[in-house]
Amino acid sequence: MKHLAPPLSLRSLRAFVASSLLLLALTAECPAKPAAPEEFDADRNQLIALILSQQLPAQHFSHEALDDSLSRKAFDLYLRQLDPRKRFLLQSDVKQLNAFATHVDDELSRGNVVLPDAGMEVLNDRIQQVEKLIDPILNQGFDFERKEYLEIEPKNLAFAENIDKLQDRWRLSLKMQVLDAYFDVLEAKGKEHPELLQQIAPQHHPAELQEAIKKVRESAHRALSRLGRQSRQDHYDRYFDAVARAFDPHSDYMAPTSKEDFDIQMSGSLEGIGALLREDDCLIKVIRIIPGSAAEKQGQLQAEDTILAVAEKTGEPVDISEMRIREAVGYIRGPKGTEVRLTVQKPDGRKMVIPIIRDVVQIEETYVKGTVLR
């Protein structure tokens, strides 16, 4: 749970089931360039569904049956990935989607997949509704003297009961973002004008507060626009991944384009930050720092950190929360000698910006959850 009162200081399928770890020491292409979306191919997705229904029960070490029980596990994982921070779906939406919960096995065995399309339609409708709430909330402003609390741990949250409850959840979230942006602005200006820091409450600095609101407004609309542009194939990949993870939390479905990236990453000398990452409930989490890498030399990025946003040295941060990992990779990759700035949330909830100069990473034979990285 995060306290929203002003802080005391400025900064107090060749392989359908593969290892879920991705090495973010990527070959240098265009920095801050998102990956191109995959085209939707109904026949290919029908084939993938059939193969998963047959090969996962037969080949996975658990030998679990693809039945109603496993369907429920896959559905719960799918729902967590569809709206991981419970910022969009209402309880009525979840009830509507719950009709599919025990039919995942039937959909796959028939090759007639329906749930990803239903989930995409419901999510996109809610994203459009939320986008219409952003400007009125920000225009109304916030009472920064009022002590309020925002729960940031999804496990402790239920889906919103109705649109009014959802709006209030977004009001609290935007209030927190405005406070964070305000203190960033004040801190930056305070380096040249220390007198600004004598009074740090927002009411004493209306210009800086408006600048922060503008940043949050633009960032929120960009993030919602990007979420609304998720392709139909993205939704099917999310669904297939949930099925694979239902068999084992360390088994992921890897789409063909991600498989190509994964193969590239396994070569011996790469340029990037040198961290093993995974997509966990649509959040990009650090699993391990590669010895001798740029991230290890910098020293601040650690295992269990969550990467929330990415920026080039002089660019605006791009929110990568709720991005698929392949798209997030497109913002983190870049050539040796360039600086990437990662906005990271530590396991204890603290946020910090970590600058890392990308470098060549030499990958020696390393064993990670049964995967050999060379």
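Calculation notes
Residues numbered from 1 in each chain as written. Predicted model: local features only at pLDDT ≥ 70, side-chain atom pairs only at ≥ 80, totals over all residues. Heavy atoms only, no water. Helix = DSSP H or I, 4+ residues; strand = E, 2+ residues; numbered from the N terminus. Buried < 20%, exposed > 50% of the residue type's maximum accessible area, 1.4 Å probe, protein only. Axes fitted to C-alpha atoms, helices over the stretch in contact; angles between N-to-C directions. Parallel < 35°, antiparallel > 145°, perpendicular 65-115°, else oblique. Left-handed = near helix turned anticlockwise from the far one by under 90°. Contact = heavy atoms within 4.5 Å. Nonpolar A, V, L, I, M, F, W, Y, C, P; charged D, E, K, R; others polar. Salt bridge = Lys/Arg side-chain N within 4 Å of Asp/Glu carboxyl O. Expected span 1.5 Å × (residues − 1). Core = buried A, V, L, I, M, F, W, Y, C linked by side-chain atoms within 4.5 Å. Pairing = 2+ DSSP bridges. Polar contact = N/O pair within 3.5 Å; in protein donor to acceptor, adjacent residues only side chain to side chain.

Peer 1: Help me get a handle on the environment of Asp237, residues and values and all.
Peer 2: Looking at the element boundaries, Asp237 is found in helix α8 (residues 232–247). Judged by its relative accessible area of 6%, Asp237 is buried. Considering only alpha carbons, one finds Asp237 and Asn45, 192 residues apart in sequence, at a separation of 9.0 Å.

Peer 1: Quick one: what's the story with the packing of helix α2 (residues 68–82) against helix α5 (residues 115–140), residue by residue and with numbers?
Peer 2: Packing of α2 against α5 leaves a shortest axis separation of 11 Å and a crossing angle of 30°. Viewed along their axes, α2 and α5 adopt a mutual orientation that is roughly parallel. The chirality of how α2 crosses α5 is right-handed. Here α2 contributes Phe75, Tyr78 and Leu82 to the contact with α5, which in turn contributes Leu115, Pro116, Gly119, Met120 and Leu123. Here the residues of the contact of α2 with α5 are counted per class, giving seven nonpolar, one polar and no charged.

Peer 1: So what's going on with the pattern of salt bridges? Which residues, and what values?
Peer 2: Applying the stated criterion across every chain yields a total of 17 salt bridges. Ionic pairing is found between Arg72 and Asp76, a salt bridge with its closest N-O pair at 3.5 Å. Within this pair, Arg72 and its partner Asp76 are both found in helix α2, separated by four residues, close to a single helical turn. Residue classification places Asp76 among the partly exposed positions, given a relative accessible area of 35%. A salt bridge links Asp180 to Lys351, with the nearest nitrogen and oxygen atoms 3.8 Å apart. In this pair, Asp180 is assigned in helix α6 (residues 163–190) and Lys351 in strand β12 (residues 351–357), connecting sequence segments 171 residues apart. Judged by its relative accessible area of 23%, Asp180 is partly exposed.

Peer 1: So what's going on with the environment of Ala181? Residues and values would help.
Peer 2: Summarising the element assignment, Ala181 is placed in helix α6. Those residues in contact with Ala181 that sit more than four places away from it in its chain are Ala212 and Val216.

Peer 1: Tell me about α8, and please be specific about residues and values.
Peer 2: Between its first and last C-alpha atoms α8 spans 24 Å; for 16 residues at 1.5 Å apiece the expected length is 22 Å, and the two agree. Most of α8 sits out of view: 15 of its 16 residues are buried.

Peer 1: Can you break down the nonpolar core residue by residue, with the values?
Peer 2: If you look at the biggest cluster of nonpolar residues, it comprises 59 residues, and the most contacted ones within it are Leu89, Leu97, Trp170 and Leu174. Mapped by element, the contributors of at least two residues to this core are α1 (42–59), α2, α3 (91–97), α4 (104–110), α5, α6, α7 (206–228) and α8. If near-sequence neighbours (up to four positions away) are discounted, Leu97 is found in contact with Phe75, Leu79, Leu82, Leu89, Leu115, Ala118, Gly119 and Val122. Counting residues in each nonpolar core, the second largest holds 23 residues, with Ile284, Ile289, Ala328 and Ile356 among its members.

Peer 1: I'd like to hear about the environment of Ala160, residue by residue, with values.
Peer 2: Mapped onto the elements of the fold, Ala160 is located in the loop between β4 (149–150) and α6. The sequence separation of Ala160 and Ser92 amounts to 68 residues, and the corresponding C-alpha distance is 9.0 Å. In this structure Ala160 touches Leu89, Leu90, Gln91, Lys165, Leu166 and Arg169, once residues within four positions along its chain are discounted.

Peer 1: Hey, could you go over the packing of α5 against α6 for me, with residue numbers and the actual values?
Peer 2: Following both chains from N to C, one finds α5 and α6 inclined at 55°, their axes separated by 10 Å at the closest point. By the angle class used here, α5 and α6 are oblique. Where α5 crosses over α6, the two elements pack in a sense that is right-handed. The segment α5 lies against α6, with Gln129, Val130, Leu133, Ile134, Ile137 and Leu138 engaging Ile163, Leu166, Gln167, Trp170, Arg171, Leu174 and Val178. Here the residues of the contact of α5 with α6 sort into 10 nonpolar, two polar and one charged.

Peer 1: Give a detailed account of the pairing of strand β8 (residues 283–289), specifying residues and quantitative values.
Peer 2: The side chains of a regular strand alternate between the sheet's two faces. Strand direction decides the pairing type here: strand β7 (residues 275–280) and β8, joined by six bridges, are antiparallel. The partner of Leu277 across the bridge, within β8, is Val286. Across two bridges, the pairing between β8 and strand β9 (residues 306–312) is antiparallel. The residue bridging Lys285 from the neighbouring strand is Thr306, located in β9.

Peer 1: So what's going on with α6? Residues and values would help.
Peer 2: Between its first and last C-alpha atoms α6 spans 40 Å; for 28 residues at 1.5 Å apiece the expected length is 40 Å, and the two agree. The N-capping residue of α6, defined by a side-chain oxygen 3.1 Å from the backbone nitrogen of Asp164, is Asn162.

Peer 1: Now, about unusual backbone geometry: what can you tell me, with residues and values included?
Peer 2: In this structure, Lys86 takes a positive phi of about 55° despite not being glycine. When you line up the elements, Lys86 lands in the loop between α2 and α3. We classify Lys86 as buried; its relative accessible area is 16%. The backbone of Glu304 sits at a positive phi, close to 80°, despite the residue not being glycine. Along the chain, the position of Glu304 falls in the loop between α10 (294–298) and β9.

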